[in-house]
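# Residue-level structure breakdown
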Amino acid sequence: GKTSKWIVMLCELAIRLPKLFPWACGTGAVLTYATALQKDIGDLIKPLADLLTEDAPREVKPVYHGSHLGSHEGLYFPNRSVIKLVGIDKHPDALRGRFSDGVVISEARDVRKLVNTMQSVLLPQFQRRPWAFLAIETSAPDDIAHDLMRIVKPDAYRRNAYVERTIDANTAIDPREKAKAIRMA
């Protein structure tokens, strides 16, 4: 669900942004999909991205490259855009870069010092890029004192930038499957 949606959206942006902002994205868009754990890249993200892009036309289809000689692990597009795939592993410096057109942090509940990461590492990369965005998708953290609950969620509510979905919003499963999932939970 959430991960698939963001991979598709980031792929669309990687294709479209250089056309919309050629003066700023002349070398392609730079986007990031960050997970709390590096192992999730190989176990979940890469296989899912391969599945979602397997029938993409050759002129827009991304190719996965692992990190090598200073290049980031990521999905590389023919138009020179990249979706960097980053496992934070409690090291937010892995998100550092010169500039960014957008970042998605998956399962932010597992990222320590989330607000510091957002403010000191990510937001400076959005300067002079008014279209840049930061999106967080996550389940609720176990610790109610986590930055997500104390700072990020209330701020998102105030700005009308918070979206919450439950199993009731999932139209892809039938009522029996939904009832079973609720019983199991």
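Structure first, text after, so check above.
All of the points below concern the structure found in this document. (Residues numbered from 1 in each chain as written. Predicted model: local features only at pLDDT ≥ 70, side-chain atom pairs only at ≥ 80, totals over all residues. Heavy atoms only, no water.)

Turning our attention to the packing of aromatic side chains. This structure, assessed with the given rule, holds three aromatic pairs. With a centroid separation of 4.5 Å and an interplanar angle of 40°, the aromatic rings of tyrosine 157 and tyrosine 162 are classed as tilted. Exposure remark for tyrosine 157: the relative accessible area of 48% places this residue in the partly exposed category. Residue tyrosine 162 is classed as partly exposed on the basis of its relative accessible area, which comes to 28%. (Phe/Tyr/Trp six-rings, centres within 6.5 Å; stacked < 30°, edge-to-face > 60°. Buried < 20%, exposed > 50% of the residue type's maximum accessible area, 1.4 Å probe, protein only.)

Moving on, we come to helix 1 (residues 2–20). For helix 1, spanning 19 residues, the distance from its first C-alpha to its last is 26 Å, which sits close to the expected 27 Å at 1.5 Å a residue. Considering bend angle alone, the principal kink of helix 1 is centred on alanine 14 and spans about 30°; proline proline 18 follows within four residues of it. Of all the positions in helix 1, only Trp6, Ile7, Leu10, Cys11, Ala14, Leu17 and Pro18 are classed as buried. Of the surrounding elements, those touching the buried residues of helix 1 are strand 1 (30–35), helix 2 (39–53), strand 4 (82–87), strand 5 (102–106) and strand 6 (134–137). (Helix = DSSP H or I, 4+ residues; strand = E, 2+ residues; numbered from the N terminus. Expected span 1.5 Å × (residues − 1). Bend = angle between axes of the 7 residues up to and from the residue. Contact = heavy atoms within 4.5 Å.)

Before going further, it helps to spend a moment on the pairing of strand 1. Summarising burial for strand 1: six of the six residues are buried, a large majority. Neither face of strand 1 is left uncovered, since the one carrying Val30, Thr32 and Ala34 and the one carrying Leu31, Tyr33 and Thr35 both have all their residues buried. In terms of strand pairing, strand 1 meets strand 4 through six bridges, oriented parallel. Looking at strand 4, one finds that threonine 32 is bridged to lysine 84. For strand 1 and strand 5, the ladder comprises five bridges, and the chain directions are parallel. From the neighbouring strand, alanine 34 faces strand 5, where its bridge partner is isoleucine 105. (Pairing = 2+ DSSP bridges.)

Our next topic: unusual backbone geometry. Positive phi, normally seen in glycine, also occurs at arginine 80, with a value near 75°. For arginine 80, a relative accessible area of 56% puts it in the exposed group. The phi angle at asparagine 160 is positive, at roughly 55°, despite the residue not being glycine. Here asparagine 160 shows up in the loop between helix 4 (147–158) and helix 5 (175–184).

This part is about the sheet that holds strand 2 (residues 63–65). Spatial ordering of the open sheet is given by 2-3-4-1-5-6, a layout of six strands whose pairing is mixed. Since the sheet does not close on itself, it has two edges, and those belong to strand 2 and strand 6, each with one partner. Sheet twist, expressed as the mean angle between neighbouring strand axes with direction ignored, is 20°. The sheet contact formed by strand 3 (residues 74–76) and strand 4 spans three bridges and is antiparallel. In the sheet register, tyrosine 76 faces strand 4, and the bridge partner there is valine 82. On the sheet, helix 3 (residues 114–122) packs against strand 5 and strand 6 and is oriented at approximately 160° with respect to strand 6. (Axes fitted to C-alpha atoms, helices over the stretch in contact; angles between N-to-C directions.)

By the definition in use, this model includes ten salt bridges. For glutamate 137, the salt bridge goes to lysine 2, with nearest N and O atoms at 3.8 Å. Here lysine 2 lies in helix 1 and glutamate 137 lies in strand 6, a separation of 135 residues in the sequence. A salt bridge links arginine 150 to aspartate 147, with the nearest nitrogen and oxygen atoms 2.9 Å apart. With arginine 150 and aspartate 147 both in helix 4 and three residues apart, the pair spans about one turn of that helix. Via salt bridges that share partners, Lys2, Glu107 and Glu137 belong to a single interconnected network. (Salt bridge = Lys/Arg side-chain N within 4 Å of Asp/Glu carboxyl O.)

All quantities given are derived from atomic positions and should not be read as evidence of function.
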